[in-house]
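The lines below spell out each chain.
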Amino acid sequence: MYDFMSRLGLQAVNSGAATTSGFLPTHGPELDVHSPIDGALLAKVKLAGLDEYEKVVGEAARVFADWRMVPAPKRGEILREVGDALRAHKEDLGRLISVEVGKILSEGMGEVQESVDMADLCVGMSRQLSGLTMHSERPGHRMYEQWHPLGVVGVITAFNFPNAVWAWNAMVAAAAGDTVVWKPSLKAPLTAIATHRICDEVFQKYGWGGVFGLVIGEDKVVGEAMIRDRRVPLVSATGSTHMGRHVGQVVAERLGRSLLELGGNNAIIIHEDANLDLALRAIVFASCGTSGQRCTTNRRLFVHESIADKLVPRIQRAYESIPIGNPLEAGTLMGPLIDEQAVQQYLHACDQIRAQGGEILTGGERVEGPGFYVRPTLVRARADMEICKEETFAPILYVFTYKDLSEAIRLQNDVPQGLSSAIFTDSFRASERFLSHAGSDCGIANVNIGTSGAEIGGAFGGEKETGGGREAGSDSWKAYMRRQTCTMNWSDELPLAQGVRFDL
Ligand code: UN1
């Protein structure tokens, strides 16, 4: 047990007892939580069953009735304190994320910063939930639209961003006047518990316990209950396309809303005039950062044939020297994968690559010893390799060469997923083509930066099998509210629209 874990209030969890704020069950099946760093047992967490799910969702629905009536800027004031509370715990939470999911400390802290940024953004957003006014075609009439809180928002998160992706949703939802029920990944429950505790404490202080709820349980128990629950008008889910397809279908069946942030198969195009020093750093961060376990990880690289011989060996050297190891140690750039299953999937993908005629330039194997470490893998790929169209959640990069930009853009788009994309070029024409209607088909398109590490101010999400959802900044808040169009008649007449006459 690490010191910072007790500072985050996790000792009670470790002994299997209920925590002080009583949001974890006291009985029921227990989950062992291990660190991917060395496999050490970190804690035991009691899993929620349907009873606890009922309790938390019932509470969220009850609290919603009052929370929605609090003026949005007042809701924002509470979020300001939530942001401060996260700031105060940034170091400990960042460490917990490193220990629980294996990302390097700087990325663990960066993730908490992303949540702080979300809280800050939503303080301002709470004063900007504005609708439009329209000119009525009828004299003495006025039309406008307003945005109302929606209800209980279900938030299903993945292990790889166990803190920030919840914040993308929860902060916006709370500003919008919704309440939130969080179902985190069972691969990262401790970060969820600590995050929930920090934020819930602020809400409790103002008498608003229940705005944020947490249910840690199995997909097939609490996940299924949530997606079928008509008291949950919006389910926001992050994870694999396979999971999202199921969530989307079940929620659609009851005509609920879903907001899906699913698999990516992101690519970087290196134009012939690219600054290769810049490109190299971006490629390695985007492809190896978080050990290739971001939805925004760069998985494919299209290099102009005239510069491939210069760039590819440099990437290979960087891959061969990247420091792999304990993510808490300074200097480490790649920590472990999340678990043994992830290592097996990586090894299976490497077998497929060989079977499909790909040439592994470096990597393709696990690092011997305890924990779940693998080598970053660089592949000279063939255009017809089926595996390049799939998302393998591991540090594997497929390199292709191309002759002209249209071909590169076509190949980049020729996958089922559509999350993030980038081009490296100093050419105005090339970057504009990449960003044009006939350019990248992804939700994110960058010039001279990699595919990952998006800021929260923009709307985050992607097209096609990535699910179409948009979270975090810009006008993403609209998904968390319901729009109402209002027409006001201040005249003494009752004219009908479209010139219809209906005289009694
Ligand atoms: C994810 O991997 O699910 O753009 C989210 C990024 C981060 C968020 C990634 N800000 O890489």
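Owing to the predicted nature of the structure, the values given are computational and were not obtained by experimental measurement.

Caption draft 1: Structural detail: the overall build of the protein chain. Scanning the protein chain from N- to C-terminus turns up 15 helices and 21 strands. Its C-alpha radius of gyration of 24 Å places the protein chain within 12% of the 23 Å reference for a compact globule of 504 residues. By its C-alpha atoms, the protein chain is 80 × 60 × 40 Å across when sized along the principal axes. Split into buried and exposed, the 504 residues of the protein chain put 57% on the buried side. Once local pairs closer than 6 in sequence are excluded, the contacts in the protein chain between residues at least 24 apart make up 72%. With the model as given, the accessible surface of the protein chain reaches about 21200 Å², and the carbon-plus-sulfur share is 51%. A distance of 2 Å separates the average location of the 50 positive side-chain charges in the protein chain from that of its 62 negative side-chain charges.

Caption draft 2: Spatial organisation of helix 7 (residues 164-176). For helix 7, which comprises 13 residues, the first-to-last C-alpha distance of 18 Å matches the rise-based estimate of 18 Å (1.5 Å per residue) to within 8%. Within helix 7, 13 of the 13 residues are buried, which leaves it mostly tucked inside the rest of the structure. Count one or two residues on from helix 7 and you reach Gly-177, which has phi positive near 95°.

Caption draft 3: Representation of the sheet that holds strand 16 (residues 420-424). Strand order across the open sheet formed by seven strands is 12-13-14-11-10-16-17, with mixed pairing between neighbours. Of all the strands in the sheet, the pair left with one neighbour each is strand 12 (359-362) and strand 17 (444-447). Adjacent strand axes in the sheet meet at a mean angle of 25° when their direction is disregarded. Bridging between strand 10 (residues 266-270) and strand 16 involves four bridges; their strand directions are parallel. Each bridged residue has a counterpart across the sheet, and for Ile-270 the counterpart in strand 16 is Phe-424. In the packing of helix 13 (residues 340-355) onto the sheet, the strands contacted are strand 12, strand 13 (377-380) and strand 14 (396-402), and the crossing angle to strand 14 comes to about 30°.

Caption draft 4: Quick peek at the nonpolar core. Membership of the largest hydrophobic core comes to 109 residues, with the highest contact counts inside it found for Trp-166, Met-171, Leu-190, Phe-203 and Tyr-398. No other element matches the twelve residues that helix 7 contributes to this core. Residue assignment places this core across two domains, with domain 1 (3-262 + 467-484) and domain 2 (266-447) each supplying three or more. Among the nonpolar cores identified, the runner-up in size contains 28 residues, and Ala-274, Val-284, Cys-288 and Ala-308 belong to it.

Caption draft 5: Quick peek at the sheet that holds strand 3 (residues 133-134). Pairing is antiparallel in the open sheet, where three strands are placed in the order 3-4-21. Among the strands making up the open sheet, the edge pair consists of strand 3 and strand 21 (481-489). Pairing of strand 3 with strand 4 (residues 141-149) involves two bridges; the strand directions are antiparallel. Across the sheet, the residue bridging to Thr-133 is Tyr-144, located in strand 4.

Caption draft 6: Main features of the packing of aromatic side chains. Taken as a whole and judged by the stated rule, the model has ten aromatic pairs. Centroid distance Trp-67 to Trp-208: 5.1 Å. Interplanar angle 65°. Geometry classified as edge-to-face. Here Trp-208 lies in the loop between helix 8 (189-205) and strand 7 (212-214) and Trp-67 lies in helix 3 (residues 50-67), a separation of 141 residues in the sequence. Residue class for Trp-208 comes out buried when judged on its relative accessible area of 19%. Relative to Phe-400, the ring of Phe-302 lies with its centre 5.0 Å away and its plane at 15°, an arrangement referred to as stacked. Of the two residues, Phe-302 is situated in strand 11 (residues 298-304) and Phe-400 in strand 14; the sequence distance between them amounts to 98 residues. The exposure classification of Phe-302 matches that of Phe-400, with both residues buried.

Caption draft 7: A look at the site of the ligand. All residues in the neighbourhood of the ligand are listed as Glu-114, Asn-160, Phe-161, Trp-168, Glu-261, Arg-294, Cys-295, Thr-296, Ser-452, Gly-453, Ala-454 and Phe-460. Separating a nitrogen atom of the ligand from a side-chain N or O atom of Glu-114 is a distance of 3.1 Å. Cys-295 is positioned such that a nitrogen or oxygen atom in its backbone is 2.8 Å from an oxygen atom of the ligand. Burial of the ligand by the protein chains amounts to 99% of its free accessible area of 320 Å².

Caption draft 8: Structural view of the side chain of Ser-126. The topology assignment puts Ser-126 in the loop between helix 6 (105-125) and strand 3. Reaching out from Ser-126, the side chain makes a polar contact with the backbone oxygen of Val-123 at a distance of 2.6 Å. Ignoring sequence-local partners within four residues, the contact set of Ser-126 consists of Ala-72, Pro-73, Gly-76 and Ala-175.

Caption draft 9: Quick look at the domain arrangement of the protein chain. According to the domain assignment, the protein chain contains domain 1 (3-262 + 467-484) and domain 2 (266-447). Using C-alpha coordinates to define each centre, domain 1 is positioned 31 Å away from domain 2. Opposite the 20 residues of domain 1 that make contact, domain 2 presents 24 residues. Between domain 1 and domain 2 lies a buried interface of about 1800 Å² when both sides are counted; carbon and sulfur atoms form 62% of it.

Caption draft 10: Broad picture of helix 11 (residues 276-288). The end-to-end C-alpha distance of helix 11, which contains 13 residues, comes to 18 Å, matching closely the 18 Å that a straight helix rising 1.5 Å per residue would cover. Taken together, the buried positions of helix 11 are occupied by Leu-276, Ala-279, Leu-280, Ala-282, Ile-283, Val-284, Ala-286, Ser-287 and Cys-288. Elements in contact with the buried residues of helix 11: strand 10, strand 11, helix 12 (308-321), strand 14 and strand 16. N-cap assignment for helix 11: the residue whose side-chain oxygen lies 3.1 Å from the backbone N of Asp-277 is Asn-275. Of the residues one or two after helix 11, Thr-290 is the one with positive phi, at around 50°.

Caption draft 11: Representation of the pattern of salt bridges in the model. If you walk through the whole model with that rule in mind, you get 31 salt bridges. Residues Arg-483 and Glu-145 are paired through a salt bridge, measuring 3.2 Å at the closest nitrogen-oxygen approach. In this pair, Arg-483 sits in strand 21 while Glu-145 sits in strand 4, placing the two residues 338 residues apart along the sequence. Residue classification places Arg-483 among the partly exposed residues on the basis of a relative accessible area of 49%. When its relative accessible area of 8% is taken as the criterion, Glu-145 is described as buried. Each of the salt bridges in this network shares a partner with another, and the network as a whole consists of Glu-54, Asp-229 and Arg-231.

Caption draft 12: Geometry of the environment of Ala-60. Here Ala-60 shows up in helix 3. Separated by 171 residues in sequence, Ala-60 and Arg-231 have C-alpha atoms that sit 9.5 Å apart. Not counting chain neighbours up to four residues away, the residues in contact with Ala-60 comprise Val-152, Thr-179, Val-181 and Gly-210.

What counts and how
Residues numbered from 1 in each chain as written. Predicted model: local features only at pLDDT ≥ 70, side-chain atom pairs only at ≥ 80, totals over all residues. Heavy atoms only, no water. Helix = DSSP H or I, 4+ residues; strand = E, 2+ residues; numbered from the N terminus. Rg over C-alpha atoms; globule rule 2.2 N^0.38 Å. Buried < 20%, exposed > 50% of the residue type's maximum accessible area, 1.4 Å probe, protein only. Contact = heavy atoms within 4.5 Å. Areas by Shrake-Rupley, 256 points an atom, 1.4 Å probe, with all protein chains shown as cover. Lys, Arg positive; Asp, Glu negative; His and termini not counted. Charge placed at Lys NZ, Arg CZ, Asp CG, Glu CD. Expected span 1.5 Å × (residues − 1). Pairing = 2+ DSSP bridges. Axes fitted to C-alpha atoms, helices over the stretch in contact; angles between N-to-C directions. Core = buried A, V, L, I, M, F, W, Y, C linked by side-chain atoms within 4.5 Å. Domains from an automatic or database assignment. Phe/Tyr/Trp six-rings, centres within 6.5 Å; stacked < 30°, edge-to-face > 60°. Near = heavy atom within 4 Å. Polar contact = N/O pair within 3.5 Å; in protein donor to acceptor, adjacent residues only side chain to side chain. Buried area = accessible area lost by both parts, 1.4 Å probe. Salt bridge = Lys/Arg side-chain N within 4 Å of Asp/Glu carboxyl O.

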